[in-house]
Structure formats: C-alpha cells, structure tokens
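# Summary of the model geometry
One letter stands for each residue in the lines below.
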Amino acid sequence: MPLVTTTEMFKKAYNGGYAIGAFNVNNMEIVQAITEAARELHSPVILQASAGARKYAQAAYLRHLVEAAVEATDNEIPIALHLDHGADFEVCKDCIDNGFTSVMIDGSSRPYEENIEVSRKVADYAHDNGVVVEAELGTLAGVEDDVNVAAETAQYTDPDQVVDFVNRTGVDSLAIAIGTSHGAYKFKPGTQPHIRLDILAEIVEKLPGFPIVLHGSSSVPQSHVKTINEYGGALQGAIGIPEDQLRDAARSAVCKINIDSDLRLAMTAGVREHLAKHPSHFDPRQYLADGRNNVKALVRDKIINVLGSENKA
Ligand SMILES: [Zn+2]
C-alpha cells in the first residue's frame, strides 16, 4: 500500500485498545530503524516531521526517505506521513500539497477562538485533499524545536472545551495536555512522575469514540542515559513518562503516542558507545549502524511493551 492516512489506523486502535507510535524522523538511519522494527512486528506506524526536521533535512528529503521506506518494506505495513506541530495554515498547506497524509495544526498557544479558526481552516483544506488533521487544545511544557513553553505557562486541557472545539473545527484527532511534556527533562528529580489519567477519562466521556493524541511521551530509558553519561555525556536528571501510565492511556482513547526524545537518546547512546570503544574508527557507517540498531531495538520495545500495536498491520 502507498502512504495511508491515519483514519483506519485510529479506528482499529480505538476499538482494539492500543495506540500507534508516531516517531519523529530526521535522517535515513532513523527512518530505516523505525520502519524495519514496525515491519518485523507487523505494526502500523506514523512517521512525523517537525519544523526542525524540515529545516535540518529539507522536506523533500524527508518525503522521499519515507517513500523509500514504503518501498523497502514491500508495502507490508500501513505507514502515514505526518507533519508535527504545523505552526500556521501555510506550512500545513505546503505539506498537504506535497504528499503528507496527515498534518497537525498547532494553535494551542493562541487564544481559544483563534485556535478554532486556524484549525478549521486547515481541516477544510486538508479534507478537500484527502488528508487528515490533528489539532491541540491545552499547552504542553517543554522544548521541541521552535516550540518552547515554560512549566508555569503550561495548561491542562479543559474537558469542558473539547466538544465545542472538535465540533467547530472538524478535526480528526485531538492532542491534549495531561502532564506529558516535550524533551528529556519532564519531571523534577525526587518528584513522582505522573500524568493526569483522570483528565483523560473526563475527556473520553465527553468525546466517545474520538481519537486522542499524546505528545511528549518519551519514557527516557535510564539504560541509555547511563550509557551516554558513561561515555562522556552529561545528562543529569533526565526523567520521562512511566511506561505503565502510557500503556493505560493506550488502552483508553489515546490512539497516537508521540516519541522523539527516546529515539535521540538511543541513537546517541549507540554512537557514543561505539566511538568510545573503537577510537580508531572514522567511517560514519560503523558508528551510525550502532545508533540505528539501538533505535530499532527501542522501537521494537515500544511497539510490544507500550503501544500494543504488534500484529495490528
Ligand atoms: Zn509535540
């Protein structure tokens, strides 16, 4: 199958009590690692490109890398290409016009009525072109590319707004803020990391059957943090979302779980360990292969132990 939208994926995920992994892609090795893992486990997968990824790799490279992945996996698994955090109508339109099957319009930092207005405009254009749309209500803390929100200004999604927002925008899925955050430093050391599954439950009650999205859902595996620090890194106090809480969310209405920081940690741990153990190596294929292997193992683990999407392709 060519690239698909997430409509069918989400319907099955909602009814089946699991979630689809949305993994951020920036280069060839990461695309290969994610799609090889998904293929081996017969899992649907979403590859997403942020503004930072588009700036780093250029949209054309990312699109063709993802198209290459579709070909290389022999069309065996559904793959969607998604724009992560589209800042305005123009960037969403550009992606819709250029082969993306799904876009996010992130109006979450705008006033409520403006968020509705821009989300509806994107949804109208996307739907005319067979593309689906994710919007966001509430504000996540943390740093992701150009999105930088201080913890004090972050806001949980108000369950009393969700029905009005979805009805008036016509979007296909909704990203909510319930305590996940962007980056590898999600909680202060010494505090109990937790997300507000009670708010999720309230939202699900108001929007039965509607696909919910969680951003900032890396669990920050301490094994990779340890490896990075052992080989010259300095990641102090990196703490992620507990995986059992993500599993609970996936069993509920959460159909898409975004993972980016964990891929970065896995890649960096692999590269650092390789270079430390083989100081004479200078062929990028040698150390990038170790990074890629780490990313692949991480994605396999997520599919099996967090998302529950194994054998759902
Ligand atoms: Zn995000």
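Scroll up a little and you will see the structure.
What this report covers is the structure whose coordinates are included nearby. The model shown is predicted, which means the values in this text are computed figures rather than measured ones. Sequence order as written defines the numbering, with residues in each chain counted from 1. Residues qualify for local features only when their pLDDT is at least 70, as the model is predicted, and side-chain atom pairs are given and counted only at 80 or more; totals for whole chains, interfaces and linings, by contrast, use all residues. Side-chain calculation: all heavy atoms of the structure are included, whereas hydrogens and water are not.

Another aspect to go through is empty space enclosed by the protein. Cavities and pockets are found on a 1 Å grid laid over the protein atoms alone: a cavity is a set of points where a 1.4 Å probe fits but cannot escape, a pocket is an open set with protein on both sides within 12 Å along at least five of seven lines, and a lining residue has an atom within 4 Å of such a point. Grid points are joined across faces, edges and corners, and a volume is the space filled by probe spheres set on the points. According to the stated counting rule, one finds two cavities of 30 Å³ or more in the structure shown. Its boundaries defined by the atoms lining it, the largest cavity holds a volume of some 40 Å³. If you trace the largest cavity, you find it lined by Thr-6, Phe-10, His-82, Ser-102, Val-132, Val-133, Glu-134, Asp-172, Ser-173 and Lys-256. Working definition: helices are DSSP H or I runs of at least four residues, strands are E runs of at least two. Numbering for both runs from the N terminus. Considering each element in turn, the lining of the largest cavity owes the most residues, three residues, to strand β5 (residues 132–137).

Moving on: the state of the cysteines. Here, a disulfide means two cysteine sulfur atoms that sit within 2.5 Å of each other. Applying the stated criterion across every chain yields a total of zero disulfides. No disulfide involves Cys-92; its sulfur sits 7.0 Å from the nearest other cysteine sulfur, which is in Cys-95. The buried category is assigned to Cys-92, whose relative accessible area is 0%. Buried, partly exposed and exposed residues are distinguished by accessible area as a fraction of the type maximum, computed with a 1.4 Å probe on protein chains only: under 20%, between the cut-offs, and over 50%, respectively. Cys-95 sits in the buried class, given a relative accessible area of 1%.

Before going further, it helps to examine the side chain of His-82. With respect to the element layout, His-82 can be found in strand β3 (residues 79–86). With residues near it in sequence (within four places) discarded, His-82 still touches Ile-46, Leu-47, Gln-48, Ala-49, Phe-100, Ser-102, Val-103, Met-104, Glu-134 and Lys-256. Residue contacts are counted whenever heavy atoms from the two residues lie within 4.5 Å of one another.

Attention shifts here to the pairing of strand β1 (residues 20–24). Extensive coverage of β1 is indicated by the burial of five of its five residues. On β1, burial covers both faces: Ile-20, Ala-22 and Asn-24 on one face and Gly-21 and Phe-23 on the other are all buried. Pairing of β1 with strand β2 (residues 45–49), which is carried by three bridges, proceeds in the parallel orientation. Looking across to β2, one finds that Asn-24 is bridged to Gln-48. The crossover handedness rule: strands pointing away from the viewer, path from first strand over the helix to second strand clockwise, crossover right-handed. In this view, the connection linking β1 to its parallel neighbour β2 by way of helix α2 (residues 28–40) has right-handed handedness. Paired strands, as defined in this entry, are two strands with at least two bridges between them according to DSSP.

Looking now at the packing of aromatic side chains. Planes of paired rings set the category: under 30 degrees apart is stacked, over 60 is edge-to-face and the rest tilted, where pairs are Phe, Tyr or Trp rings (Trp by its six-membered ring) whose centres lie within 6.5 Å. Considering all chains together, one arrives at two aromatic pairs under this definition. A ring pair is formed by Phe-89 and Tyr-125, whose centres lie 5.7 Å apart and whose planes are at 80°; its orientation type is edge-to-face. On the criterion of sequence distance, the pair formed by Phe-89 in helix α5 (residues 89–97) and Tyr-125 in helix α6 (residues 112–128) is long-range, its members being 36 residues apart. When its relative accessible area of 14% is taken as the criterion, Phe-89 is described as buried. Whether a charge sits over a ring comes down to the Lys NZ or Arg CZ being within 6 Å of the ring centre and within 35 degrees of the ring normal. It is Lys-121 that lies over the ring of Phe-89; its NZ or CZ is 4.4 Å from the centre. Stacked on the ring of Tyr-156, the Lys or Arg Arg-196 has its end atom at 5.3 Å from the ring centre.

Moving on: the sheet that holds β2. Pairing in this closed barrel of eight strands is parallel, and the strands run β1-β2-β3-β4-β5-β8-β10-β11 around the ring. Averaged over neighbouring strand pairs, the angle between their axes works out to 25° when direction is ignored. Each axis is a line fitted through C-alpha atoms, and for a helix only the stretch in contact is used; angles between axes span 0 to 180 degrees, taken between their N-to-C directions. Strands in contact with helix α1 (residues 7–16) are β1, β2, β3, β5, β8 (173–176) and β11 (254–259); relative to β11, the strand with the most contacts, it is inclined by about 115°. Contacting β2 and β3, helix α4 (residues 59–72) runs over the sheet at an angle of about 155° to β3.

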